[in-house]
Amino acid sequence: MTTKLVVGLDGHASGERALDFAVNQARLIGDCGLVVAYVIEWSPFSFHSAEENAQRHKRREEEISTVMTRVIEPAVRKLEKLGLSVTGKVRHGDVADTLNAIAKEQKAAQIIVARSSEGGFSSRIFGSSTFNLVKSADLPVTVVQ
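Residues numbered from 1 in each chain as written. Predicted model: local features only at pLDDT ≥ 70, side-chain atom pairs only at ≥ 80, totals over all residues. Heavy atoms only, no water.

- The name recorded for the chain in an unreviewed UniProt entry is Universal stress protein, from Limimaricola litoreus.

**Remarks on the pattern of salt bridges**
- Under the defined criterion, the tally for this structure stands at four salt bridges.
- Three or more residues are tied together by salt bridges with common partners; here these are Glu16, Asp20 and Lys78. (Salt bridge = Lys/Arg side-chain N within 4 Å of Asp/Glu carboxyl O.)

**Considerations on the sheet that holds strand β2 (residues 32–41)**
- Spatially, the five strands line up as an open sheet ordered β3-β2-β1-β4-β5, and their pairing is parallel. Strand pairing shows two members of the sheet lacking a second neighbour, β3 (85–93) and β5 (141–144), which therefore form its edges. Geometrically, the sheet is characterised by an average inter-axis angle of 25° between neighbouring strands, direction not taken into account.
- Judged from the seven bridges that link them, strand β1 (residues 3–9) and β2 form a sheet pairing that is parallel. Bridging across to β2, Val7 finds its partner in Val36. (Pairing = 2+ DSSP bridges. Helix = DSSP H or I, 4+ residues; strand = E, 2+ residues; numbered from the N terminus. Axes fitted to C-alpha atoms, helices over the stretch in contact; angles between N-to-C directions.)

**Observations regarding the packing of helix α3 (residues 95–105) against helix α5 (residues 129–136)**
- Taken N-terminus to C-terminus, the directions of α3 and α5 make an angle of 50°; their axes are 8 Å apart at the nearest point. In terms of axis orientation, α3 runs oblique to α5. As α3 runs across α5, the sense of the crossing is right-handed. Along the contact surface, α3 presents Val95, Ala96, Leu99 and Asn100, while α5 presents Ser129, Asn132, Leu133 and Ser136.
- For the contact of α3 with α5, the residue count by class is four nonpolar, four polar and no charged. (Parallel < 35°, antiparallel > 145°, perpendicular 65-115°, else oblique. Left-handed = near helix turned anticlockwise from the far one by under 90°. Contact = heavy atoms within 4.5 Å. Nonpolar A, V, L, I, M, F, W, Y, C, P; charged D, E, K, R; others polar.)

**Remarks on the environment of Gly93**
- If you trace the backbone, Gly93 turns up in strand β3.
- Sequence separation between Gly93 and Val39 is 54 residues; the distance between their C-alpha atoms is 6.5 Å.
- With residues near it in sequence (within four places) discarded, Gly93 still touches Val39, Ile40, Glu41, Trp42 and Thr98.

Laid out in structure tokens, this is it:
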């Protein structure tokens with residue numbers, strides 16, 4: 001049975017570090033598939049006007065397309081060139097909850113993420129997605145520097 005690892009990407013060098021670690025792990029495991037995932041932060045509790053709600057679906061689809069083109073597809077091509085089995089996922093939602101859900105759906109053995117994104121100041125105020133994932137995940141989480 002193939003072991004699956006979910007790798008959380010963020011579009012920054014920190015995500016690349018997580019990806020490099022996952023590649024090494026996959027090679028050590030042997031029969032291993034990688035799921036590279038990007039979560040676009042989105043709150044279901046936002047309140048919008050009727051006009052904004054009409055445009056919301058379109059914006060979400062545009063965001064998914066942009067992330068697939070700029071982050072996921074290049075990562076998938078890179079891993080396929082290395083001879084690895086890989087799939088890509090982009091979802092909207094809370095980063096920790098969504099990565100955990102993807103891992104459970106994929107029956108993954110673990111989730112691999114970077115310690116922090118180069119996203120900046122907001123994580124210091126609102127809390128780290130990585131910290132929240134480690135606290136709440138239903139399976140092991142490996143956090144790379």
